[in-house]
Amino acid sequence: MIKYESQRVAYPYFVIALLLFGLQVIMGLWLAINYAFTLPQSLVDVFPFATARAFHTNLLVLWMLLGFMGGTYYMVPEESESELYSTKLAYLQLVILVGTGVAALIGFLFGWTQGRPLLEIPFELDLLVVLGALIFLFNIAMTLIKAKNWTMIQGTLLGGLTFLALLYLFGIPFYKNLSIDWYYWWWVIHLWVEGAWELITGAIMAWILMRITGVPRKTVEKWLYVEIGLFLFTGIVGTGHHYYWIGAPRYWLWFGGIFSALEPLPIAFMVWDTLRHVKERRVEIKNKAVLTLAIGSVIYHFIGAGVWGFIHTLPQINYYTHGSQITVSHGHLAFFGAYALLIITIFYYAFPNLKGYSNYKQTLANWAFWITSSTMMIIGLVFGVAGVLQTYLERIMGLGYMNAQAQMQFWFKIAIFTGVFFLAGVIMWIYDLLNLKPAESES
Ligand code: HEM
Ligand code: HEM
Ligand SMILES: [Fe+2]
């Protein structure tokens, strides 16, 4: 049950995000096929690996941003106890962002790209993204200012979203000196996932836990301060773990190594905090699927970002693993655990309410969670094995790039096989969310 009519604007954001998620995973499978088999040149000429990769990663960023924005539109009215400032602006923003996304994908097919991984969309489209982001921030800020009902959770959320939008600006200019270009590229990539997005995650997770467990606001907010402080402290200087080999000053080897090695701490803290809330719960939890997803997300977040990040963050190790499939392994486990599962958690919290059920059939939700979580773990491990092989062959034995690739193909075949089951799990989520049915007792 929703309390404010304007919360409904979240729904189209969620539905589009879900569909783009499905498309992203299909592109991932296609990428793995590119690695595992030698494709006919005529096919590669029209749809090269680089284009498919840009589809896979840009779809990822787009669906996650839509998920966060929809989640914010859903949360803010309840949290501030007032309707959104403008639902029209929220729809306009959605049209601008999705339109930009579609234009970007079509553009990639024709080589209209800046070529920088993840931030390849051309300058003109960047301006539209900025316009969409400004409308969003304006709409949320006006809602909060009008409501005059500030809370720690809202503050953190708005802070994270503003930080996210500001950082994007640093990735827009192209610097002719490549070291400088990469230097700022990381301000977007690293400071997004290890800074701004962590703040947003902290706020959303705290809010959902408070809602489903009935733990008092004070308890939730007290720890949020500590968590956020730690995230910023380790995450900002931790950017240095990307400055080891790009021509930045040597002191980054020390700063990057030490501070990024501390990054697992706030994440571990988040796990502990979540489990404590669950133990202290004051109400019976009906929506168990949300609880499973929330706990699953924080633990997976710890493994993918914390443990897998730590593995290759020290310069002594990163010297060998940099830019290999070990990085890809970490990228998948971290993004899936920290952000994909978080956004699905928001969906399973919001969808039943948006559809007006207090309880719903949760069988498919649970199956999809276990299938996707376990198959992604296998995919991550398989990329990891390919990465160890690659590191050894290329950087210790000194084999050429393509010779090393030939030895890795077997592992990509396993990734394809497992990926099909992962895709099935994602389709289950999409189908289930779009066709949610009330539980027997209600129907
Ligand atoms: C949820 C949080 C995180 C996400 C989503 C994430 C994701 C990623 C991705 C996608 C890359 C590859 C970027 C590229 O080169 O294209 C990457 C690189 C890296 N990440 Fe993370 N990461 C997270 C947290 C962490 C943490 C906490 C650590 C350290 C403890 C870490 C350490 C690293 C390192 C060292 C690299 C560079 C690897 C290389 O040199 O090739 N990450 N991360
Ligand atoms: C069937 C499932 C999937 C398969 C087979 C797959 C496969 C791949 C492959 C082969 C690459 C290219 C790596 C390279 O350039 O060497 C890639 C990149 C990437 N994928 Fe996936 N993917 C899948 C699902 C996902 C999901 C669910 C996410 C996030 C939640 C994700 C996030 C990423 C990211 C962040 C990169 C860039 C990594 C980097 O730069 O290090 N993928 N994927
Ligand atoms: Fe990083």
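Higher on the page you've got the structure.
Quick caveat: nothing in here was measured; it's all calculated off a predicted structure.

Draft legend 1. Expanded view of the site of ligand 1. The local shell around ligand 1 holds 24 residues, among which A305, G309, G331, A334 and A338 are the closest. Counting residues per element, the ones that place at least two in the shell around ligand 1 are α7 (178-213), α11 (288-311) and α13 (325-355). For the shell around ligand 1, a count of residues per class yields nine nonpolar, 13 polar and two charged. Here the shell around ligand 1 spans two domains, and each of domain 1 (150-276) and domain 2 (306-443) adds at least three residues to it.

Draft legend 2. Summary view of the site of ligand 2. Around ligand 2 lies a shell of 22 residues, among which G28, L31, G331, F335 and G419 are the nearest. Here the shell around ligand 2 takes seven residues from α13, the largest share from any one element. Among the residues making up the shell around ligand 2, the classes are represented as 14 nonpolar, seven polar and one charged.

Draft legend 3. A look at the environment of G380. Along the chain, the position of G380 falls in helix α14 (residues 363-396). On the neighbour-count criterion, G380 (24 C-beta atoms within 10 Å) is buried. Linking G380 and H332, residues 48 residues apart in sequence, is a C-alpha distance of 6.3 Å. Setting aside its immediate chain neighbours within four residues, G380 contacts S329, H332 and L333.

Draft legend 4. Local environment of the packing of α13 against α14. Relative orientation of the contacting elements α13 and α14 amounts to 165 degrees, with a least axis distance of 7 Å. Relative to α14, the element α13 lies roughly antiparallel. Here the hand of the crossing between α13 and α14 comes out left-handed. Counted together, Q325, I326, V328, S329, H332, L333, F336 and Y348 of α13 and A365, M376, I379, G380, F383, G384, A386, G387, V388, Q390 and T391 of α14 form the full contact between these two elements. Broken down by class, the residue content of the contact of α13 with α14 amounts to 11 nonpolar, eight polar and no charged.

Draft legend 5. A look at α7. Taking 1.5 Å of rise per residue, the 36 residues of α7 would be expected to cover 52 Å, and the 49 Å separating its terminal C-alpha atoms lies within 8% of that figure. Largest kink in α7: about 60 degrees, centred on W192. Within α7, 26 of the 36 residues are buried, which leaves it mostly tucked inside the rest of the structure. In the stretch just after α7, G214 is the one whose phi turns positive, near 75 degrees.

Thresholds applied
Residues numbered from 1 in each chain as written. Chains lettered and ligands numbered in written order. Predicted model: local features only at pLDDT ≥ 70, side-chain atom pairs only at ≥ 80, totals over all residues. Near = placed C-beta within 6 Å. Helix = DSSP H or I, 4+ residues; strand = E, 2+ residues; numbered from the N terminus. Nonpolar A, V, L, I, M, F, W, Y, C, P; charged D, E, K, R; others polar. Domains from an automatic or database assignment. Buried ≥ 20, exposed ≤ 12 C-beta atoms within 10 Å, placed from the backbone. Contact = placed C-beta atoms within 7 Å. Axes fitted to C-alpha atoms, helices over the stretch in contact; angles between N-to-C directions. Parallel < 35°, antiparallel > 145°, perpendicular 65-115°, else oblique. Left-handed = near helix turned anticlockwise from the far one by under 90°. Expected span 1.5 Å × (residues − 1). Bend = angle between axes of the 7 residues up to and from the residue.

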